[in-house]
Each structure stands twice: as C-alpha cells, then as structure tokens.
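# Observations on chain architecture
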Amino acid sequence: MLNYDLVVIGGGPAGMAAALRARDFGIRDIIILERAETLGGILEQCIHTGFGLHYFGEELSGPEYAARFIELVEDQKIEYKVDTMVTDVTEDKVVTAVNKTDGLLKIQAKAVILAMGCRERPRGALSIAGTRPSGIMTAGTAQKYVNLDGYMPGKEIVILGSGDIGLIMARRMTLEGAHVKMVCELMPYSGGLTRNIVQCLDDFGIPLHLSTTVIATHGNGRLEGVTIAKVDDKLNPIPGTEEYVACDTLMLSVGLIPENELTKNIGIGMDRITNGAVVNEMRETDHEGIFACGNVLHVHDLVDYVTLEAQIAGEGAARYILGQKAAAAEYLTLTAGNGVRYTVPQRVNIRSEESVKVYFRVGRIYKNAKVVLTCAGKVVSSKKKVKLAPGEMENVIIPNEVLATLTVNDEIKIEVEE
Amino acid sequence: MFDVVIIGAGVVGCMIARELSKYKLKIALLERANDVAMGATKANSGIVHAGFDAKPNTLKARMNIRGNVLMEDVCKQLNVPYRKNGSLVLAFSEEEIETLKELFERGKQNGVEGLSLLDKAELKALEPNISDEAMGALRAETAGIVCPYSLAIAAVENAVTNGVEFKRNFEVTDVAFQDDVFTVSSDNDSVECRFVINAAGCFSDKIAALMGEEDFHIVPRRGEYYILDKSLGSLVDHIIFQCPTKMGKGILVSPTVHGNLLIGPSADDVEDNDDLATTAQGLFDVRSLALKSVPDAVTRFAITSFSGNRAHDLKNDFTIAPSKYNTHFINVEGIESPGLTGSPAIAEYVAEILSSMADLQQNESFVGTREKPFRYHTATDEEKAAAIAQNPLYGRIICRCESITEGEIVDAIHAPAGAMDVDGVKRRTRAGMGRCQGGFCGSKVVEILARELQVEPNMITKYGKDSVLLYERTK
C-alpha cells in the first residue's frame, strides 16, 4: 500500500488545476492518475482554438491550453502516472489502479479529487431504428480519428445533435475535405455556444435543421444513408416529414454524460439533473475528503470554467488535509427556481466566510429576462440578461455578508424572471 | 480432400464441428461472414429453455430436452458463462392461467423436470419486481441463460484446436457431386469432401436447394431487442416470459450472464435474410410489452438495441436428416428456438447420423476443454498481479466500461479462429459492449487490430466486407 496526501483521479484540465492549487496551499504529497497516454485529457484532441479566453485572456488551442498546465505540473514536480486506470475507490479513500509497469496499485489517500471527465452519449441510448453498419460514431471518436490518428472517418456526413463537439467537427471535417450535409437538432434550439454556430456552421454554409432528428439508419456494411424527420413539440417524429439523406457517416453529438462509475461505487450522493455528485461550495461531496470537479461534476461548455472550479476543489482538498476545515459548517441546499435546471454547488455552508459563486444552467432560451437571487425571502440581486440559453453556463454570487444573516431553515433561490 | 464440410458457423455449425472433431475426420467449417456467430447466433435471447414449449414428439422437443441436459457440462468444458437461473411464464388473465396449466402438462409430457405452478403470492416472493398485474406463473427450474456467441466462439476455438479448419468469407454458391465427392464452391474458392452438413441457419433452405430440395421454406422472423444498463441487471433473477403466441414465446425480460438486462424479442416475418434493421414499431412493441412484465425495465437505461432473424421454417420443426436427394448431404434446417438450447444435442445427433454412414474412429488426441481466457474484471487481485507480471498488456485497460485489457484483446485476435474485426473483438472480449458502446475504446481496438494483423488501420472493418471504419489519411 502506497500513501499519498492527495490522489487526483484524472489528468485533464480539472485534475491538473486541482493538483496545482493544492500544491499552492502547501500539499507536497500529490499524485495524479491518468488513463490516457499523456496528461491533458480531451484537450489533446481539441486542436481548434477558443480555449483560454476567460482564464488567460487569449485564444489558445486545446493542446496549448493543456500544455500550460502540464508545464506547471512538471515545474512543481507533481507526481503523475499516465496509462493508469483507476478501477476502484473506497469510502476510506483507498484507490486501486492498474498499469503496465506497476501492475496493481493500492494507494491510501488522505483526500481524493474526482476529475474523471465525461463521455459521449452513444447511439444505443437514442433508439434510432435501422441497420448497424459502420460509419456511425460519436463526434468525439471522429475527432480522435482525424486529429490524433490522422485518418478520415467519413466523406459524406450528417451530424445529429448541435452540441459543441458536433459543431466543431462540422467545421473540422469540412476543412479536411469532407462534405458535411447538415446538422440536425432535436430541440428547437442548439445546445452549443452561439460563437460555434456562427464560426463552424454559418461561415461554411452548413445548414442547421432544428426540431429535426434521425429516425433510421440504412446500409449493410458501411452506412449508406439516414432518414430524417421533423419532430413535434413533444419531440415525436411527424409522419410525412421523413426525408432520405444519402451519407456514409452519421456523427452523434447528442450529449455528454459525466463518468461517475467510481463515484457511484463509493456511494456518494448524486444529482439527478447533472449526473454528477452533490457538492458544497468547496466541491466536496457528501463523503468528507472526497471532492469532485470539472466535467465529472457537471458538463461545462468552457474549459476556463473547469479550471476555476478545479482550483476551488484543490483548495478545498488542501484545507481538508491541513485540518483547516471550518468547524461549524451548516449546510443549506439551494433551490433551483423557475427556469433553472440545476445549480453547482447544490449545497452551501452558510457559515462560509467567503462569498460563493453559484453556477447554473437554464432549461430553455430566454430573451430579456432577469436572473433573480432570493435569500430568506429577500431579493439579493436581480440581473438583466439579453439572452439566456441552455448551452451557456451562467453564474450568480451569494455575498458573504448575506450568508452571515442566514439560518439553516432559510431558502436560497435562484430563478429566471421574464 | 475433407471428410466433412460444415456450411455455416453459427452456434449449431460450431458445436457440430467440435463434436465431430472427437473423431478421426478431416473437417472444414465454412462461413460466409468474416467471423463465426454472425447470424441468429449473435442476436437472440440467450436462453437455455427447459422444454415445455415444444409440441411433444417433435424434434424441437427432443433436442430441447437433451440440449438442456448437456448444456451445463458443455459450458463447463468450454469455459462459457452459463447460469441455471430458472424461468417463469407469467399469466395476466384467467385464460392465461389455463395456458400455464397446458404448458405444465406439455412439459411433463416432454419429460421436463422441476416444473411448478405458482400463485401470485409465491410469484411475488420469488420476484418482487414483477408487475402486480401478474396473477400466477409457471416456474421451470431447469431453464438457464448462456451467452450464445460466446458458446459458438468457444466451440469453434476448441474445434480448431482439435484440427478443424475454419474458412471465413466463404459464401457457398454451389455444391456439385461426382464420383462420391462433393465440390463445395464459393465465387472464388472450393473444397472437396465426402460429406456435407448444411447448418446455414436462415440460408439453410437455399443451401438445401443446391441439392434439389424444394420442401424447405425459411421465412426469416425478425426479433428486436434492447440491452439495458447493468444498474438494472438484477431487477429480476429469473427469465421472465409472457404466455406464448403463435409467433413465438413472446417478450421476455431476463438478466444476461454478463449482468445486463435483456428485453425482447418482437416477432415479425421479413423477406430478406440480411434485413437486420430495427424498426420504430418493433422497438416500441418491445419497450411497452416488457413493461407489462416488469414495470421498472425502462429503456431510458438502454445501452443498445439490435435485431436478429430466426430461421423459421413454415413446417415449424427442425429437420436434422440426410437429404433425400443425397444421403451424404445432411440437412440441419429450420433451427430456430430452441436451437441454442438444442445445439449440443443437435451436434450429438448429427454425429449419430454420420456414424450410420461412415466408420467414425475416436480421435485419441481430442481435448474437450478450452482453457479459461484471462478476464481482468473477474480476476482476483492476486490473479491480476500474476497475469500482469507475466504479460504487462494485462495491465493496460482499453475498454473502461467493462475493464477489458489490451492483453485480452491481443489474445482474442490470436486465438484459434480469432477476431479479425472490431465486432469480433467485441464479442470475444466485451470491449465496446459497455455503457459508452466503444466511444473511447473503438479507435484503440482498431489500432490494436491493425498492429496485430499487420495491416493499415483503414483496412480494419467493423464486421468484414465493406464495413470499413476509416478512409484515407488526412491531408
């Protein structure tokens, strides 16, 4: 059995930022365990730019953004193991991992940070009828083939789902000489960032068909085509609107699922909406000393926010290891009011001495609406927003002086007012 | 020159190949696809039936009962996951209660042991997650579950180890007979032999027709299924059937040997053997009918759906007999359910038929057991450590969802009649069978296949033929 103060599971942007922040707080004994061959996580295959605008104030590619953190990890001599898969974490913080050189590893940690990221929703979850040819893949898999392996996974392409990876891949495949025929989106709005719709679709003349889905795949061997159809407001295909589209590739960008198998095995309390752990303002789960951050906690649209969140978790874990945890924590569960799908954190220590920034997503598109924060029946803030969209994460700050006035029986509510 | 050529490497063909490899025979197993188990074998319910469904005195009944008896031992020898979890047929009306009694009687007539009729309370005690609407059930203790393609793969590995030659991508288009010798041909290859065994599944009527047979009429009957996430895998312990209809045994809800929950199949006659498309209607029927038995078996937790075609012959029974046009041509035709259950018995029966025409001598070097492949996720910590020390590739997990290592994938590729495509790796190792359905490991499996088979990654297919995954290199 090895011993470390802090074990960070996942060496993507979340894991690295968390480890670095813990080091800033004086934690020496840290190890990052990463399943891929390199640190950097999914950023390594995101060779487009647009990363770092918020955090670094400049526009970087995914690998450039990751490289800045990898360099710091190296400089700070934070230990890490790549090509290493964590297969189990116990309540007592014993981490089991495996790799080719060390074999089976057992590590006793004082604190654990879960930073495993997320995975893409596969076809199986969609119940698309039809055959099972090759040429149906998630956008992320296609991205790996093109950007890392150097092979074209398709030529005539239909993309289902207008999540950011789908939009990015529409542009990427076009630049590589493929013909992206269309992006179909089940919802009446895109789940991606506005800037990606403009820069990845509009600039290349790729049509975005809203309220449209793929209802069947055709072809034995390689995909030969798909049937698309319009959907009604209950998202059911409308008979008579079916259309056959010839293509050799169907890329799916239909949602991301936090990879919480380890989290669930520990028995950590989960949020049904985020599919991530329920956490407090330090991103600590309901199991003391086990923290979560990044896409494993909730799916982010910008890596910059992942970094910021991971720094909070890193600080939380460091304080926990150093025994600096606030003695008299009193938790209040936030209310996601009208229009708000979820908040992270879900619970806040009202004895916290610092203001708490709460991130949230809305359930649909709002124009000229207000984001209202109410604490103990009093409106604390009311901010006008020209546009609120499910694809863009919002935040609101609960000031520490307001927290100080609250008791555990009060309500903190975030809602959208039209 | 072969003694025996078997056409079709589904579970029946593979089990026949293994059975006949017990004798001093030169055997070839021909398969049109790029792998074994590519027809009905890869897409069925995976049930080892007790044997109360089949009409008494049919070949279906006989093979079912004998197959059920043989299955446990065969699975043990071949190291194939099998579990005798028992089955329950539910009744939702007084009329169906009567049907249960009929099935009970029929089962007794067929010689099925371990049958009992349960009332509602007994049923609920046994399976608390069953619908409250169920009024009673027929319990069959001898029913079980097996992974059908694992059985076929294990059987072919064992057969090849014992000397059988496996020829893939060999689609039989012609069988000629002259001077006591058959010439079995595809468009670009041919083999000669003294005996032919037609185990071509959905194509068995067409292969039989090459000998002049006109009485076989396979109407492929499509069945659609969902596989639900392992988090629902223990919702029920038994195989849960509904009362049978003329189209089959109805929609079942069953745990799989791998811990998922399986629901299906629908039953629709189709025209084209190769039409394996799932349909909106079929999937809808499966979804809604499964809920009737187990209200919590919701497809929100589906990880995949698929369909398979049963080799349903209009005469509604198996044919296992020498062709009336040439006795050295043995038809194994119309093998639908309970074909998987019956497969060890069918193999035994074919050997018996063959022995009446040929002098079968024991193959003294026959080894009936197949070594258990290393499986990371079921190994103990000690076994893992030892395996990694011996082969570091067992320490590199490729498929995260199912914890499948690179070592297991390499083993599957180099096994006898090993995997040559991504789906072949998937069926042998379960890499890509988990929640993410190959999202992460798919490209790594392509890489490993290309490396081990010494070809470029864009030569690797999903399941042979033109199911290419990658085109040319990027600019």
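Keep in mind it's a predicted model, so treat the numbers as computed, not measured.

Moving on: the pairing of strand E23 (residues 340–344) of chain A. Residue and element names in this part refer to chain A. E23 sits mainly inside the fold: 4 of its 5 residues count as buried. Of the strand pairs in this sheet, E23 and strand E25 (residues 356–362) are connected by 4 bridges, and their pairing is antiparallel. Looking across to E25, one finds that Thr-343 is bridged to Phe-360.

Contact residues are listed per partner, giving 49 residues for chain B and 44 residues for chain A. Counting the surface lost from both chain B and chain A, the interface buries some 4,100 Å², and carbon and sulfur atoms represent 52% of this. Inspection of the chain B/chain A interface yields 5 salt bridges. A salt bridge links Lys-106 of chain A to Asp-381 of chain B; its shortest N-O distance comes to 3.1 Å. At the junction of chain B with chain A, the criterion picks out 25 residue pairs in polar contact (both at pLDDT 80 or more).

All names here are of chain B. Looking at chain B, the domain boundaries give domain 1 (1–83 + 146–218 + 312–372), domain 2 (87–141 + 219–310) and domain 3 (376–459). Computed from C-alpha atoms alone, the centre-to-centre distance between domain 2 and domain 3 is 32 Å. Taken residue by residue, the interface counts 7 residues in domain 2 and 6 residues in domain 3. Where domain 2 abuts domain 3, roughly 510 Å² becomes buried across the two surfaces, and 40% of that area is made up of carbon and sulfur atoms. Applying the counting rule to domain 2 against domain 3 returns 2 salt bridges. In this structure, Arg-435 engages Asp-229 in a salt bridge whose closest nitrogen and oxygen atoms are separated by 2.6 Å. Across the side of domain 2 that touches domain 3, the residue classes tally to 1 nonpolar, 4 polar and 2 charged.

Turning our eyes to something else, we now look at helix H10 (residues 406–414) of chain B. All names here are of chain B. In terms of residue burial, H10 counts as a mostly covered element, since 7 of its 9 residues are buried. Among all positions of H10, only Glu-406, Gly-407, Glu-408, Ile-409, Val-410, Ala-412 and Ile-413 are buried. Buried residues belonging to H10 abut strand E21 (397–399), strand E22 (404–405), helix H11 (422–429) and helix H12 (442–453).

The omega torsion of the bond from Val-344 of chain A to Pro-345 of chain A falls at 5 degrees, within 30 degrees of zero and hence cis. If you trace the backbone, Pro-345 of chain A turns up in the loop between E23 and strand E24 (347–349). That bond from Gly-264 of chain B to Pro-265 of chain B is cis: its omega, -5 degrees, falls within 30 degrees of zero. If you trace the backbone, Pro-265 of chain B turns up in the loop between strand E16 (261–264) and strand E17 (268–269). Of note in the backbone geometry, Ala-37 of chain B takes a positive phi value of approximately 60 degrees without being a glycine. Inspection of the secondary structure assignment puts Ala-37 of chain B in the loop between strand E2 (27–30) and strand E3 (47–48). Residue class for Ala-37 of chain B comes out buried when judged on its relative accessible area of 0%.

Looking now at the packing of helix H3 (residues 139–149) of chain A against H12 of chain B. As a packed pair, H3 of chain A and H12 of chain B sit with axes 9 Å apart at the nearest point and diverge in direction by 50 degrees. Of the possible angle classes, the one that applies to H3 of chain A and H12 of chain B is oblique. Across the interface between the two elements, Lys-144, Tyr-145 and Asp-149 of chain A of H3 of chain A pack against Gly-442, Ser-443, Val-446 and Glu-447 of chain B of H12 of chain B. By residue class, the composition of the contact of H3 of chain A with H12 of chain B is 2 nonpolar, 2 polar and 3 charged.

Glancing now at the pairing of strand E29 (residues 412–417) of chain A. For a regular strand, the rule is simple: side chains alternate between the two faces of the sheet. All names here are of chain A. Across 2 bridges, the pairing between strand E22 (residues 335–336) and E29 is parallel. Across the sheet, the residue bridging to Ala-336 is Ile-414, located in E29. Two elements, strand E26 (residues 366–375) and E29, share 6 bridges in a ladder whose sense is antiparallel. Bridge pairing links Leu-373 to Ile-414 in E29.

One finds Ile-6, Ile-16, Leu-20, Leu-151 and Ile-320 of chain B to be the most contacted residues of the largest nonpolar core, which totals 59 residues. For this core, the secondary structure elements donating two or more residues are strand E1 (2–7), helix H1 (11–20), E2, helix H2 (59–78), helix H5 (148–161), strand E12 (190–198), strand E20 (329–333) and helix H8 (339–355) of chain B. In terms of residue count, H8 of chain B provides more of this core than any other element does, 9 residues in total. Discounting chain neighbours no more than four positions away, the residues touching Ile-320 of chain B are Leu-59, Met-63, Asn-331, Val-332, Ile-335, Ile-346, Tyr-349, Val-350 and Ile-353 of chain B. Val-183 of chain A together with Val-422, Ala-431 and Ile-448 of chain B belong to the second largest nonpolar core, which has 42 residues in total.

The next thing to look at is the packing of H10 of chain B against H12 of chain B. Pairs of packed helices are described in terms of their axes, by the angle between the two and the distance that separates them. Residues and elements named next belong to chain B. Two elements in contact, H10 and H12, have axes whose closest approach is 10 Å; the angle formed by their N-to-C orientations is 50 degrees. Considering their axes alone, H10 and H12 lie oblique with respect to each other. H12 is crossed by H10, and the crossing has right-handed handedness. Contacts between H10 and H12 involve Glu-406, Ile-409, Val-410, Ile-413 and His-414 from the former and Val-445, Ile-448, Leu-449, Arg-451, Glu-452 and Leu-453 from the latter.

Our next topic: helix H5 (residues 194–201) of chain A. Residue and element names in this part refer to chain A. Within H5, the full set of buried residues consists of Asn-196, Ile-197, Cys-200 and Leu-201. The buried residues of H5 all sit within an arc of 105 degrees when viewed along its axis, so they share a single face. Against the buried residues of H5 lie helix H4 (164–175), strand E13 (179–184) and strand E14 (208–209).

This part takes up the sheet that holds strand E4 (residues 82–83) of chain B. Residues and elements named next belong to chain B. Reading across the sheet, the 3 strands line up as E3-E8-E4 and stay open at both edges, with antiparallel pairing between neighbours. The strands lining the two open edges of the sheet, one partner per strand, are E3 and E4. With 2 bridges connecting them, E3 and strand E8 (residues 144–146) associate as antiparallel partners. Pairing of Ile-47 across the sheet is with Ile-145, part of E8.

For sheets, the rule is that strands pair by backbone hydrogen bonds, running either parallel or antiparallel. Read from one edge of the open sheet, 5 strands run E11-E18-E12-E13-E14 (chain A), paired in parallel fashion. If you trace the sheet from one side to the other, it starts and ends with strand E11 (136–138) and E14 of chain A, each paired once.

Positionally, Gln-45 of chain A belongs in the loop between strand E2 (30–33) and strand E3 (49–51). Within the local environment of Gln-45 of chain A, its side chain forms a polar contact with the backbone oxygen of Gly-140 of chain A, the two atoms lying 2.8 Å apart.

With that settled, the discussion passes to the domain arrangement of chain A. Residue and element names in this part refer to chain A. Here chain A is described as being made up of domain 1 (1–120 + 256–325), domain 2 (122–254) and domain 3 (328–418). A separation of 35 Å is found between the C-alpha centroids of domain 2 and domain 3. Between domain 2 and domain 3, the residue contacts involve 4 residues of the former and 7 residues of the latter. Buried area between domain 2 and domain 3, both sides added, is near 440 Å², and the carbon and sulfur share of it is 53%. Of all residues in domain 2, Tyr-189, Leu-193 and Thr-194 give up the largest surface area on contact with domain 3, accounting jointly for 78% of the area buried on that side. Across the domain 2-domain 3 interface, the total number found is 0 salt bridges. Here domain 2 and domain 3 share 2 residue pairs in polar contact (both at pLDDT 80 or more) between them. For the side of domain 2 that touches domain 3, the class distribution of residues is 2 nonpolar, 2 polar and no charged.

Thresholds applied
Residues numbered from 1 in each chain as written. Chains lettered and ligands numbered in written order. Predicted model: local features only at pLDDT ≥ 70, side-chain atom pairs only at ≥ 80, totals over all residues. Heavy atoms only, no water. Buried < 20%, exposed > 50% of the residue type's maximum accessible area, 1.4 Å probe, protein only. Helix = DSSP H or I, 4+ residues; strand = E, 2+ residues; numbered from the N terminus. Pairing = 2+ DSSP bridges. Contact = heavy atoms within 4.5 Å. Buried area = accessible area lost by both parts, 1.4 Å probe. Salt bridge = Lys/Arg side-chain N within 4 Å of Asp/Glu carboxyl O. Polar contact = N/O pair within 3.5 Å; in protein donor to acceptor, adjacent residues only side chain to side chain. Domains from an automatic or database assignment. Nonpolar A, V, L, I, M, F, W, Y, C, P; charged D, E, K, R; others polar. Axes fitted to C-alpha atoms, helices over the stretch in contact; angles between N-to-C directions. Parallel < 35°, antiparallel > 145°, perpendicular 65-115°, else oblique. Core = buried A, V, L, I, M, F, W, Y, C linked by side-chain atoms within 4.5 Å. Left-handed = near helix turned anticlockwise from the far one by under 90°. Arc of directions from axis to C-beta.

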